[in-house]
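An overview of the molecular structure
This is what each chain is made of:
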Amino acid sequence: MTTPSKKVKSLSRRTLARLCAVQAVYQFEQTRPSQEELVNEYMDHWFQYDKSGLGVKPENVHKDVFQTLVTGVLEEQEAMDRLLKENLPDDWPLEKLDSVLRAVLRVGAFELAVNFEVPGPILLNEYIEVAKRFLDIKQVRFANACLHRVFEVVRSDELAES
(Lines give C-alpha, C1' and ligand atoms only; values in the text may rest on other atoms or scores of the structure.)
Protein backbone atom coordinates (compact mmCIF):
# COMPACT_ATOMS: atom_id res chain seq x y z
CA MET A 1 0.00 0.00 0.00
CA THR A 2 1.30 3.41 -0.81
CA THR A 3 1.30 6.12 1.75
CA PRO A 4 -1.05 9.04 1.29
CA SER A 5 -0.01 11.37 -1.47
CA LYS A 6 -0.67 14.63 0.36
CA LYS A 7 0.56 16.02 3.64
CA VAL A 8 -1.92 15.62 6.45
CA LYS A 9 -0.89 18.31 8.91
CA SER A 10 -4.14 20.26 8.52
CA LEU A 11 -6.45 17.28 8.94
CA SER A 12 -8.58 16.77 12.03
CA ARG A 13 -7.82 14.06 14.57
CA ARG A 14 -10.87 12.11 13.38
CA THR A 15 -9.86 12.34 9.73
CA LEU A 16 -6.39 11.09 10.63
CA ALA A 17 -8.03 8.21 12.51
CA ARG A 18 -10.03 7.37 9.36
CA LEU A 19 -6.87 7.42 7.24
CA CYS A 20 -5.11 5.12 9.69
CA ALA A 21 -8.17 2.84 9.88
CA VAL A 22 -8.10 2.43 6.10
CA GLN A 23 -4.40 1.54 6.31
CA ALA A 24 -5.06 -0.97 9.10
CA VAL A 25 -7.97 -2.63 7.26
CA TYR A 26 -5.78 -2.88 4.17
CA GLN A 27 -2.96 -4.37 6.29
CA PHE A 28 -5.37 -6.87 7.83
CA GLU A 29 -6.40 -8.11 4.39
CA GLN A 30 -2.78 -8.48 3.34
CA THR A 31 -1.31 -10.12 6.45
CA ARG A 32 -4.26 -11.47 8.48
CA PRO A 33 -3.02 -10.74 12.00
CA SER A 34 -5.54 -11.12 14.79
CA GLN A 35 -7.72 -8.09 15.36
CA GLU A 36 -6.06 -7.52 18.72
CA GLU A 37 -2.54 -7.77 17.23
CA LEU A 38 -3.45 -5.29 14.51
CA VAL A 39 -4.92 -2.67 16.84
CA ASN A 40 -2.08 -3.11 19.32
CA GLU A 41 0.51 -2.73 16.56
CA TYR A 42 -0.93 0.65 15.67
CA MET A 43 -1.43 1.75 19.26
CA ASP A 44 1.97 0.57 20.48
CA HIS A 45 4.16 1.21 17.44
CA TRP A 46 2.65 3.11 14.53
CA PHE A 47 1.15 5.87 16.63
CA GLN A 48 4.06 6.04 19.06
CA TYR A 49 6.76 6.36 16.43
CA ASP A 50 4.84 7.69 13.41
CA LYS A 51 5.42 4.60 11.30
CA SER A 52 2.14 5.30 9.55
CA GLY A 53 3.89 7.22 6.79
CA LEU A 54 1.35 9.97 7.33
CA GLY A 55 3.81 12.51 8.65
CA VAL A 56 1.73 13.25 11.74
CA LYS A 57 2.41 13.38 15.41
CA PRO A 58 0.90 10.36 17.14
CA GLU A 59 -1.08 12.51 19.55
CA ASN A 60 -2.95 14.03 16.60
CA VAL A 61 -4.73 10.77 15.77
CA HIS A 62 -8.05 10.19 17.57
CA LYS A 63 -7.22 6.71 18.83
CA ASP A 64 -10.75 5.90 20.06
CA VAL A 65 -12.18 6.61 16.61
CA PHE A 66 -9.43 4.53 15.02
CA GLN A 67 -10.07 1.58 17.33
CA THR A 68 -13.86 1.78 16.90
CA LEU A 69 -13.53 1.81 13.11
CA VAL A 70 -10.99 -1.00 12.83
CA THR A 71 -12.62 -3.35 15.31
CA GLY A 72 -16.06 -2.58 13.92
CA VAL A 73 -15.06 -3.21 10.30
CA LEU A 74 -13.31 -6.46 11.18
CA GLU A 75 -16.17 -7.71 13.35
CA GLU A 76 -18.81 -6.71 10.80
CA GLN A 77 -16.85 -7.37 7.61
CA GLU A 78 -19.28 -9.98 6.31
CA ALA A 79 -22.22 -7.60 6.71
CA MET A 80 -20.26 -4.69 5.26
CA ASP A 81 -19.14 -6.77 2.28
CA ARG A 82 -22.74 -7.83 1.67
CA LEU A 83 -23.87 -4.19 1.84
CA LEU A 84 -21.13 -3.15 -0.57
CA LYS A 85 -21.84 -6.00 -3.01
CA GLU A 86 -25.50 -4.95 -3.11
CA ASN A 87 -24.45 -1.42 -4.03
CA LEU A 88 -21.65 -2.07 -6.49
CA PRO A 89 -22.29 -2.26 -10.22
CA ASP A 90 -22.84 -5.87 -11.33
CA ASP A 91 -19.69 -5.82 -13.44
CA TRP A 92 -17.53 -4.74 -10.45
CA PRO A 93 -17.40 -7.57 -7.91
CA LEU A 94 -15.94 -6.55 -4.56
CA GLU A 95 -13.28 -9.25 -4.72
CA LYS A 96 -11.91 -7.85 -7.99
CA LEU A 97 -11.51 -4.28 -6.71
CA ASP A 98 -8.11 -2.93 -5.78
CA SER A 99 -7.43 -3.83 -2.14
CA VAL A 100 -6.87 -0.19 -1.12
CA LEU A 101 -10.19 0.80 -2.69
CA ARG A 102 -11.83 -2.11 -0.90
CA ALA A 103 -10.40 -0.89 2.43
CA VAL A 104 -11.74 2.64 1.84
CA LEU A 105 -15.17 1.24 0.97
CA ARG A 106 -15.29 -1.08 3.97
CA VAL A 107 -14.36 1.59 6.50
CA GLY A 108 -16.60 4.19 4.86
CA ALA A 109 -19.60 1.86 4.64
CA PHE A 110 -19.15 0.80 8.25
CA GLU A 111 -19.06 4.35 9.55
CA LEU A 112 -22.05 5.37 7.43
CA ALA A 113 -23.97 2.42 8.86
CA VAL A 114 -23.18 2.98 12.53
CA ASN A 115 -22.09 6.56 13.24
CA PHE A 116 -25.28 8.58 13.28
CA GLU A 117 -23.70 11.36 15.32
CA VAL A 118 -22.12 12.68 12.12
CA PRO A 119 -24.45 13.60 9.24
CA GLY A 120 -24.13 11.31 6.22
CA PRO A 121 -23.05 14.02 3.76
CA ILE A 122 -20.19 14.99 6.06
CA LEU A 123 -19.04 11.36 6.31
CA LEU A 124 -19.29 10.98 2.54
CA ASN A 125 -17.07 14.01 2.12
CA GLU A 126 -14.62 12.68 4.72
CA TYR A 127 -14.22 9.38 2.88
CA ILE A 128 -13.84 11.08 -0.48
CA GLU A 129 -10.99 13.10 1.06
CA VAL A 130 -9.50 9.89 2.49
CA ALA A 131 -9.84 8.20 -0.91
CA LYS A 132 -8.06 11.12 -2.62
CA ARG A 133 -5.03 10.47 -0.45
CA PHE A 134 -4.66 6.86 -1.60
CA LEU A 135 -6.38 6.45 -4.97
CA ASP A 136 -6.38 7.88 -8.47
CA ILE A 137 -9.26 10.09 -9.63
CA LYS A 138 -11.20 7.27 -11.32
CA GLN A 139 -11.10 5.18 -8.16
CA VAL A 140 -12.09 8.21 -6.07
CA ARG A 141 -15.14 8.74 -8.29
CA PHE A 142 -15.98 5.05 -8.05
CA ALA A 143 -15.69 5.19 -4.22
CA ASN A 144 -17.87 8.29 -4.16
CA ALA A 145 -20.60 6.63 -6.22
CA CYS A 146 -20.51 3.41 -4.20
CA LEU A 147 -20.51 5.11 -0.81
CA HIS A 148 -23.31 7.41 -1.93
CA ARG A 149 -25.41 4.38 -2.80
CA VAL A 150 -24.62 2.88 0.63
CA PHE A 151 -25.60 6.20 2.21
CA GLU A 152 -28.95 6.11 0.38
CA VAL A 153 -29.61 2.62 1.76
CA VAL A 154 -28.45 2.97 5.38
CA ARG A 155 -29.59 6.55 5.88
CA SER A 156 -32.73 6.81 3.80
CA ASP A 157 -34.41 8.70 6.65
CA GLU A 158 -31.70 11.36 6.42
CA LEU A 159 -32.43 11.77 2.71
CA ALA A 160 -36.17 12.07 3.38
CA GLU A 161 -35.52 14.91 5.86
CA SER A 162 -33.60 17.01 3.34
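Structure first, text after, so check above.
Attention here is on the structure that accompanies the text. Everything numeric in this text was worked out from a predicted model, so none of it was measured. (Residues numbered from 1 in each chain as written. Predicted model: local features only at pLDDT ≥ 70, side-chain atom pairs only at ≥ 80, totals over all residues. Heavy atoms only, no water.)

Describing the overall build of the chain
So the rule is basically this: The numbering of helices and of strands both runs from the N terminus, where a helix is a DSSP run of H or I of at least 4 residues and a strand a run of E of at least 2. Type-normalised accessible area, obtained with a 1.4 Å probe on protein chains alone, sets the label of each residue: buried when under 20%, exposed when over 50%, and partly exposed for intermediate values. Contacts are assigned to residue pairs that have any heavy atoms within 4.5 Å of one another. Per-residue accessibility takes into account occlusion by the displayed protein chains alone, with areas from the Shrake-Rupley method and a 1.4 Å probe.
If you tally the helices and strands in the chain, you get eight helices and zero strands. The linear arrangement of helices and strands in the chain, starting from the amino end, is α-α-α-α-α-α-α-α. Sorting the 162 residues of the chain into buried and exposed places 52% on the buried side. Considering only residue pairs separated by 6 or more positions, the chain has 72% of its internal contacts joining residues 24 or more positions apart. Entry remark: accessible area of the chain is about 8,500 Å², with carbon and sulfur atoms responsible for 47%.

Here we look at unusual backbone geometry
Generally, phi is negative for residues other than glycine and the peptide bonds are trans, each holding for most cases. A positive phi is found at Arg 32, a non-glycine position, where the angle reads about 55°. Within the element layout of this structure, Arg 32 appears in the loop between helix 1 (13–31) and helix 2 (35–49).

What to know about the side chain of Arg 18
What counts, and what does not: Definition of a polar contact: a pair of N or O atoms within 3.5 Å, with one able to donate and the other able to accept a hydrogen when the atoms are protein atoms, and with sequence-neighbouring residues admitted only if both atoms are side-chain atoms.
Among the structural elements, Arg 18 can be located in helix 1. There is a polar contact of 2.8 Å between the side chain of Arg 18 and the side chain of Glu 111. Setting aside residues up to four positions removed in sequence, Arg 18 forms contacts with Leu 69, Glu 111, Asn 115, Leu 123, Glu 126, Tyr 127 and Val 130.

A short note on the side chain of Gln 77
Among the structural elements, Gln 77 can be located in helix 4 (residues 77–87). Once you skip the residues sitting within four places of it in the chain, Gln 77 turns out to touch Phe 28 and Arg 106.

Some words on the environment of Val 70
Checked against the element boundaries, Val 70 lands in helix 3 (residues 63–75). The spatial distance from the C-alpha of Val 70 to the C-alpha of Val 22 is 8.1 Å, given a sequence separation of 48 residues.

Description of helix 5 (residues 99–114)
As a reminder, the rule being used: The span one expects for a helix is its residue count, reduced by one, times 1.5 Å.
When the terminal C-alpha atoms of helix 5 are compared, their 23 Å separation across 16 residues agrees well with the 22 Å that a helix rising 1.5 Å per residue should span. Capping of helix 5 at its N-terminal end is provided by Asp 98; its side-chain oxygen lies 3.0 Å from the backbone amide nitrogen of Val 100.

As for the packing of helix 6 (residues 120–134) against helix 7 (residues 137–154)
To be explicit about the condition: Interaxial angle, 0 to 180 degrees, is taken between N-to-C directions of lines fitted to C-alpha atoms, where a helix line uses only the stretch in contact. Note on terminology: angles under 35 degrees are roughly parallel, angles over 145 are roughly antiparallel, angles of 65 to 115 are roughly perpendicular, and the others are oblique. In a left-handed crossing the near helix is turned counterclockwise from the far helix by less than a right angle, and in a right-handed crossing that turn is clockwise. Residue polarity is assigned by list, with Asp, Glu, Lys and Arg as charged and Ala, Val, Leu, Ile, Met, Phe, Trp, Tyr, Cys and Pro as nonpolar; anything else, Gly included, falls into the polar class.
Interaxial distance between helix 6 and helix 7 falls to 10 Å at its minimum, and their mutual angle equals 155°. With respect to each other, helix 6 and helix 7 are oriented roughly antiparallel. Once helix 6 is placed against helix 7, the crossing between them reads as right-handed. Between helix 6 and helix 7, the residues in contact are Gly 120, Pro 121, Leu 124, Tyr 127, Ile 128, Ala 131 and Lys 132 and Val 140, Ala 143, Asn 144, Leu 147, His 148 and Phe 151, respectively. For the contact of helix 6 with helix 7, a count of residues per class yields nine nonpolar, three polar and one charged.

Re helix 1
Here helix 1 spans 26 Å end to end across 19 residues, near enough to the 27 Å set by a 1.5 Å rise per residue. Most of helix 1 sits inside the fold, with 15 of its 19 residues counted as buried. Just past helix 1, the residue Arg 32 takes up positive phi, approximately 55°.

Description of the nonpolar core
Definition in use: Nonpolar cores are built from buried Ala, Val, Leu, Ile, Met, Phe, Trp, Tyr and Cys residues. Side-chain atoms within 4.5 Å join them into one set.
Formed by 53 residues in total, the largest nonpolar core has its most connected members in Phe 66, Val 70, Leu 105, Val 107 and Leu 135. Contributions of two or more residues to this core are made by helix 1, helix 2, helix 3, helix 4, helix 5, helix 6 and helix 7. Once residues lying within four places of it in the same chain are set aside, the contact partners of Leu 135 are Asp 98, Val 100, Leu 101, Val 104 and Val 140.

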